[in-house]
Amino acid sequence: ERLILLRAGEILVTTAPDPQRAPRPLRVRSRHGTVQALGTRFTVHLADDGLCHVTVQERAVRLQPLDSDAPSAQLQAGQQAAFSSSATQPPTSADPFAASWHEGGLVALDMPLGQLIDALARYRPGYLGCSAEVAGMLVSGAFPVDDTDRALAALVSRFPLQLRTRTRYWVEVQARSS
């Protein structure tokens, strides 16, 4: 088999035919279970919510929770699902921008600000967070991951927000003062 161990973070996988004579399955294994590629393009994300999130862009994947009694599930292109070590949630329509980070940006469509800031924080050294009072604010836009200062400037220019900066390595997004 071809095996990738995902310990943290997110991975975008694009499979190609196996050059070996006997085909070897490509699998991504996490602490929750295994995602097997069925000739495809997909993302696997170990999220802060304690689940493994899988989004399929092309073809299909099979999810198998770690618990051997849990049934496997198959996701088709355009579907996403989350699973734990004991169960898989029902598939839903995939976010078409789920892998936009691979292209150098994050696309948000009515995304809670806290979720966007958490995503941007993965691309920035130090602390990047937001106050609880604005974490639920829904935001939309395209934000570069290779220049988080520019992404934050775009947020502040479009929404009633301001940055509280202690150092270059400690930034918090909060409601704009009147």
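Thresholds, definitions, all that
Residues numbered from 1 in each chain as written. Predicted model: local features only at pLDDT ≥ 70, side-chain atom pairs only at ≥ 80, totals over all residues. Heavy atoms only, no water. Pairing = 2+ DSSP bridges. Helix = DSSP H or I, 4+ residues; strand = E, 2+ residues; numbered from the N terminus. pLDDT = per-residue confidence, 0-100. Core = buried A, V, L, I, M, F, W, Y, C linked by side-chain atoms within 4.5 Å. Buried < 20%, exposed > 50% of the residue type's maximum accessible area, 1.4 Å probe, protein only. Contact = heavy atoms within 4.5 Å. Phe/Tyr/Trp six-rings, centres within 6.5 Å; stacked < 30°, edge-to-face > 60°. Lys NZ or Arg CZ within 6 Å of the ring centre and 35° of its normal.

Draft legend 1. The arrangement of the pairing of strand 9 (residues 79-83) in detail. As defined by bridge partners, strand 6 (residues 52-58) adjoins strand 9 across 4 bridges and the pair is classed as antiparallel. The partner of Cys-52 across the bridge, within strand 9, is Phe-83. Bridge count between strand 9 and strand 10 (residues 92-93): 2 bridges; the pairing is antiparallel. Of the residues in strand 10, the one forming a bridge with Gln-79 is Ser-93.

Draft legend 2. Region of interest: the confidence of the model for the protein. Of the residues in the protein, 92% reach a pLDDT of 70 or more, and the chain-wide mean stands at 89. The least confident element of the protein is strand 11 (residues 105-112), whose mean pLDDT is 86; the most confident is strand 15 (residues 170-175), at 97.

Draft legend 3. Quick look at the sheet that holds strand 10. Ordered by their spatial adjacency, 5 strands build an open sheet running 2-5-6-9-10, and the pairing between neighbours is antiparallel. Across the chains shown, the open sheet's two edge strands, defined by having one partner strand only, are strand 2 (9-14) and strand 10.

Draft legend 4. Expanded view of the nonpolar core. Counting residues in each nonpolar core, the largest one holds 22 residues, and the members touching the most others are Leu-113, Leu-116, Ile-117 and Leu-155. When contributions to this core are tallied by element, the ones reaching two or more residues are strand 11, helix 1 (113-121), strand 12 (127-130), strand 13 (138-144), helix 3 (148-158) and strand 15. When residues of this core are assigned to their parent elements, the largest contribution, 5 residues, is made by helix 1. Beyond its immediate sequence surroundings of up to four residues, Leu-113 is in contact with Val-134, Ala-135, Met-137, Val-139, Leu-155, Leu-161 and Val-173. Formed by 18 residues, the second largest nonpolar core is a distinct cluster that contains Val-35, Val-44, Leu-63 and Ala-81.

Draft legend 5. Main features of the environment of Ala-70. Within the secondary structure, Ala-70 is located in the loop between strand 7 (60-65) and strand 8 (73-76). For Ala-70, the residues in contact, after removing those within four places along its chain, are Gln-64, Pro-65 and Ser-86.

Draft legend 6. Structural context of the packing of aromatic side chains. For the coordinates displayed, the defined rule picks out 1 aromatic pair. The side chain of Arg-166 reaches across the aromatic face of Trp-170, ending 4.2 Å from its centre.

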